[in-house]
Amino acid sequence: MRIYDIIKKKRDNLELTKEEIYYFVEKYSNDEIPDYQASALLMAIYINKMNEAETINLTEAMMKSGDIIDLSDIKGVKVDKHSTGGVGDKTTIALAPLVAACGVPVAKMSGRGLGHTGGTLDKLESIEGFSIDMIEEEFINSVNKHKIAVCGQSAEVAIADKKLYSLRDVTATVDNISLIASSVMCKKLASGADAIVLDVKTGDGAFMKSLDDSFDLASSMVEIGNGMGRDTIGVVTDMSEPLGFAVGNSLEVIEAIETLKGNGPKDFVKLCETLGAYMLLLAKVVYSFDKGVLKIREVISSGAAVEKLKEFIENQGGNKNIVDDYSIFKKSEYVYELKSDKSGYIEKIKAEEVGASAMILGAGREKKDDILDLSVGIVLNKKVGDSVNKGDILAYIHYNNKEKLEAAKIRLEGCYTVVDKKVDKNKLIYGVVTKDGIRKI
């Protein structure tokens, strides 16, 4: 078998066999195929695409290129949740305790943020003393005892994906559905979950800007998951404006805590209820979506969810008192009020630009080795569909550096579109993708 023949075959829009895909992934991972030939194959895949069988085989080959985590010692059905990323997306911090409080084991390995999207680990580290470093035995014991643990990825999972993604990034072959879907799913499948709920974002602040592309991506990932024996559901959700009000590490954690106390923003609460209900459904704790929503609501109203959060924080070395005393969080030195220069209705808030504004303040990383300021960020005061008068506060900018404020303020001002006519609130849930097909809402 030769890589030349595999490149030629895909160039001519023919289907690659499982053996050919495995050959490519293994040889490239071991530095036996040069970048220029791997780039040629990636471009052929980008142009001619892959079918379902090819995509599943690519995912499986990349999954098997590194460690596969064994969570079989954890009792119960392990359901993972993955988001394709967005602005103000603090979902795991609220959702993990919610689902754990319902009796479902949550064994989550998360990542750090890069660019305008935030990372779960960064947010958790804004909690005093919280540690994301756990050895495998400690991780498994924590989930069995407390039903919840969230840590950083320590194992060498999906080694081929890391190498291939770096090459895709510099060869203009990132945004291909099969390559994106296989990249996401090889890591999820290697991480040991029995079932997976995917939160596929769509809109300005999402990786997939169009609704059709978002459904295509969700469908491809659901096909992969179910094709490899894992119950998988995809939910396509809005990211045309930030999720909730808070954008920035400690600010988002506070909003997640408030959600568990029953005081969360409507869009964020609905997202947690929706994703949580599907997680409970896949875990077979409930047997209908509606019953799942009711169970999520029950653990919020009873206080069980916020108690589970305290238990989770304490188990991982954090100060659980932070849940009831927000003064323990590091606060920014200054807060600037961004005000509207006209009256009307908020028609649009560019999510990606809000995320970029927060990144300028220090809440996000432009480069992987950037050091975050966990105290800074933006708290919106108005959302799409809200009325606004001239001089009303649009957002609060939490900052420590006055030079950074000026750059962030200019960018944030350009995020808002105010019109004269009343506009509707954004739709949050666009549809659900299961093995039986797409159900648009």
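Residues numbered from 1 in each chain as written. Predicted model: local features only at pLDDT ≥ 70, side-chain atom pairs only at ≥ 80, totals over all residues. Heavy atoms only, no water.

Draft legend 1. Main features of the overall build of the protein. Regarding its fold elements, the protein presents 16 helices and 14 strands. Taking 2.2 N^0.38 as the reference for a compact globule, 441 residues should give roughly 22 Å; the C-alpha atoms of the protein span a radius of gyration of 22 Å, in line with that estimate. On the principal axes, the C-alpha backbone points of the protein span a range of 70 × 45 × 40 Å. Each of the 441 residues in the protein was classed as buried or not, and the buried ones make up 56%. Residue pairs at least 24 apart in sequence account for 77% of intrachain contacts in the protein once pairs closer than 6 positions are excluded. Taken as a whole, the protein presents about 18,900 Å² of accessible surface, with 49% of it coming from carbon and sulfur. Of the charged side chains in the protein, 59 are positive and 68 negative, and the gap between their average positions amounts to 3 Å. (Helix = DSSP H or I, 4+ residues; strand = E, 2+ residues; numbered from the N terminus. Rg over C-alpha atoms; globule rule 2.2 N^0.38 Å. Buried < 20%, exposed > 50% of the residue type's maximum accessible area, 1.4 Å probe, protein only. Contact = heavy atoms within 4.5 Å. Areas by Shrake-Rupley, 256 points an atom, 1.4 Å probe, with all protein chains shown as cover. Lys, Arg positive; Asp, Glu negative; His and termini not counted. Charge placed at Lys NZ, Arg CZ, Asp CG, Glu CD.)

Draft legend 2. Representation of the pairing of strand β9 (residues 377–380) in the model. As paired strands, strand β6 (residues 246–247) and β9 are joined by two bridges and run antiparallel to one another. What sits directly across from V247, in β9, is I378. Relative to strand β11 (residues 393–399), β9 is paired through four bridges, and the arrangement is antiparallel. From the neighbouring strand, I378 faces β11, where its bridge partner is I397. (Pairing = 2+ DSSP bridges.)

Draft legend 3. Spotlight on the packing of helix α12 (residues 266–282) against helix α13 (residues 289–301). Axis separation between α12 and α13 bottoms out at 8 Å; the angle between their running directions is 115°. The orientation of α12 relative to α13 falls into the category roughly perpendicular. Like other packed secondary-structure pairs, α12 and α13 cross with a definite hand, here right-handed. Contacts between α12 and α13 involve E273, T274, G276, A277, Y278, L280 and L281 from the former and F289, G292, V293, K295, I296 and R297 from the latter. The residue inventory of the contact of α12 with α13, partitioned by class, reads seven nonpolar, three polar and three charged. (Axes fitted to C-alpha atoms, helices over the stretch in contact; angles between N-to-C directions. Parallel < 35°, antiparallel > 145°, perpendicular 65-115°, else oblique. Left-handed = near helix turned anticlockwise from the far one by under 90°. Nonpolar A, V, L, I, M, F, W, Y, C, P; charged D, E, K, R; others polar.)

Draft legend 4. Expanded view of the sheet that holds strand β14 (residues 437–440). Read from one edge to the other, the open sheet built from five strands follows the order β1-β4-β5-β13-β14, with strand pairing classed as mixed. In this open sheet, the two edge strands, each paired with only one partner strand, are β1 (79–83) and β14. For this sheet, the mean angle separating the axes of adjacent strands, direction not counted, is 15°. Against the sheet, α12 contacts β1, β4 (195–202), β5 (231–238), β13 (429–434) and β14, and its axis sits at roughly 155° relative to β4.

Draft legend 5. A look at the layout of surface pockets. Approximately 400 Å³ is the volume attributed to the second largest pocket. Around the second largest pocket, the lining comprises 16 residues; the ones closest to its centre are E241, K266, D267, K425 and N426. Top element by residues in the lining of the second largest pocket is α12. It accounts for three residues. Among the residues making up the lining of the second largest pocket, the classes are represented as six nonpolar, one polar and nine charged. (1 Å grid on protein atoms, 1.4 Å probe; cavity = no way out; pocket = protein on both sides within 12 Å on 5 of 7 lines; lining within 4 Å. Points joined across faces, edges and corners; volume = space filled by probe spheres on them.)

Draft legend 6. Structural detail: the side chain of R230. Counting through the fold element by element, R230 comes out in the loop between α10 (211–227) and β5. For R230, the residues in contact, after removing those within four places along its chain, are L189, A193, D194 and G225.

Draft legend 7. Inspection of α12 at higher detail. Helix length check: α12, at 17 residues, gives a terminal C-alpha distance of 24 Å against a target of 24 Å (1.5 Å per residue), a fit within 8%. Most of α12 sits out of view: 13 of its 17 residues are buried. With its phi angle positive at about 65°, K284 sits one or two positions after the end of α12. (Expected span 1.5 Å × (residues − 1).)

Draft legend 8. A look at a negative patch on the surface. Together, D70, D73, E136, E137 and E138 make up a region of like negative charge exposed at the surface. Following the sequence through the fold, E138 ends up in helix α7 (residues 136–146). (Patch = residues over 30% accessible without salt bridge, like charges linked within 9 Å, V, L, I, M, F, W, Y side chains within 5 Å. Salt bridge = Lys/Arg side-chain N within 4 Å of Asp/Glu carboxyl O.)

Draft legend 9. Representation of the side chain of K188 within the structure. For K188, the location among the structural elements is in helix α9 (residues 177–190). Among the residues examined, K188 registers a relative accessible area of 8% and is labelled buried. With sequence-adjacent residues up to four places away left out, K188 is seen in contact with D80, K81, H82, K108, M109, A193 and I196.

Draft legend 10. Summary view of the packing of helix α1 (residues 3–11) against helix α2 (residues 18–29). Their axes nearest at 11 Å, the elements α1 and α2 cross at an angle of 125°. As the angle between them shows, α1 and α2 are arranged oblique. You can see that α1 and α2 cross each other, and the crossing is left-handed. When α1 is examined against α2, the residues I3, I6 and K9 are found in contact with a partner set consisting of E20, Y23 and F24.

Draft legend 11. How the structure looks around the environment of R411. Position of R411 among the secondary structure elements: in helix α16 (residues 402–413). Taking the C-alpha atoms as reference points, R411 and K147, separated by 264 residues in sequence, lie 42 Å from one another. Not counting residues up to four positions away in its chain, the partners in contact with R411 are E353, A356, S357 and I360.

Draft legend 12. Spotlight on empty space enclosed by the protein. Using the criterion set out here, one finds three cavities of 30 Å³ or more in the structure. Along the walls of the second largest cavity sit F24, L42, I45, L58, M62, D161, L164, Y165, R168, L179, S182 and S183, which together make up its complete lining. The set of elements that each furnish at least two residues to the lining of the second largest cavity consists of α3 (35–48), α4 (52–63), α8 (159–170) and α9. Residues belonging to the lining of the second largest cavity are distributed by class as follows: eight nonpolar, two polar and two charged.

Draft legend 13. Quick peek at the packing of aromatic side chains. The tally for this structure, following the rule as stated, stands at five aromatic pairs. With a centroid separation of 4.7 Å and an interplanar angle of 35°, the aromatic rings of Y278 and F289 are classed as tilted. On the criterion of sequence distance, the pair formed by Y278 in helix α12 and F289 in helix α13 is long-range, its members being 11 residues apart. Given a relative accessible area of 7%, Y278 falls into the buried group. Taking the relative accessible area as the measure of exposure, F289 reaches 27% and is therefore partly exposed. Here Y334 and Y399 contribute two aromatic rings whose centre-to-centre distance is 5.1 Å and whose plane-to-plane angle is 25°, an arrangement assigned as stacked. Pair noted here: Y334 is in strand β7 (residues 334–339) and Y399 is in strand β11, with a separation of 65 residues, a long-range link. We classify Y399 as buried; its relative accessible area is 9%. When the ring centre of Y28 is taken as reference, the NZ or CZ atom of K163 above it lies at 4.4 Å. A cation over an aromatic ring shows up here: K383 above the ring of F245, its NZ or CZ 5.3 Å from the ring centre. (Phe/Tyr/Trp six-rings, centres within 6.5 Å; stacked < 30°, edge-to-face > 60°. Lys NZ or Arg CZ within 6 Å of the ring centre and 35° of its normal.)

Remember that the coordinates give geometry; whether it matters functionally is a separate question.
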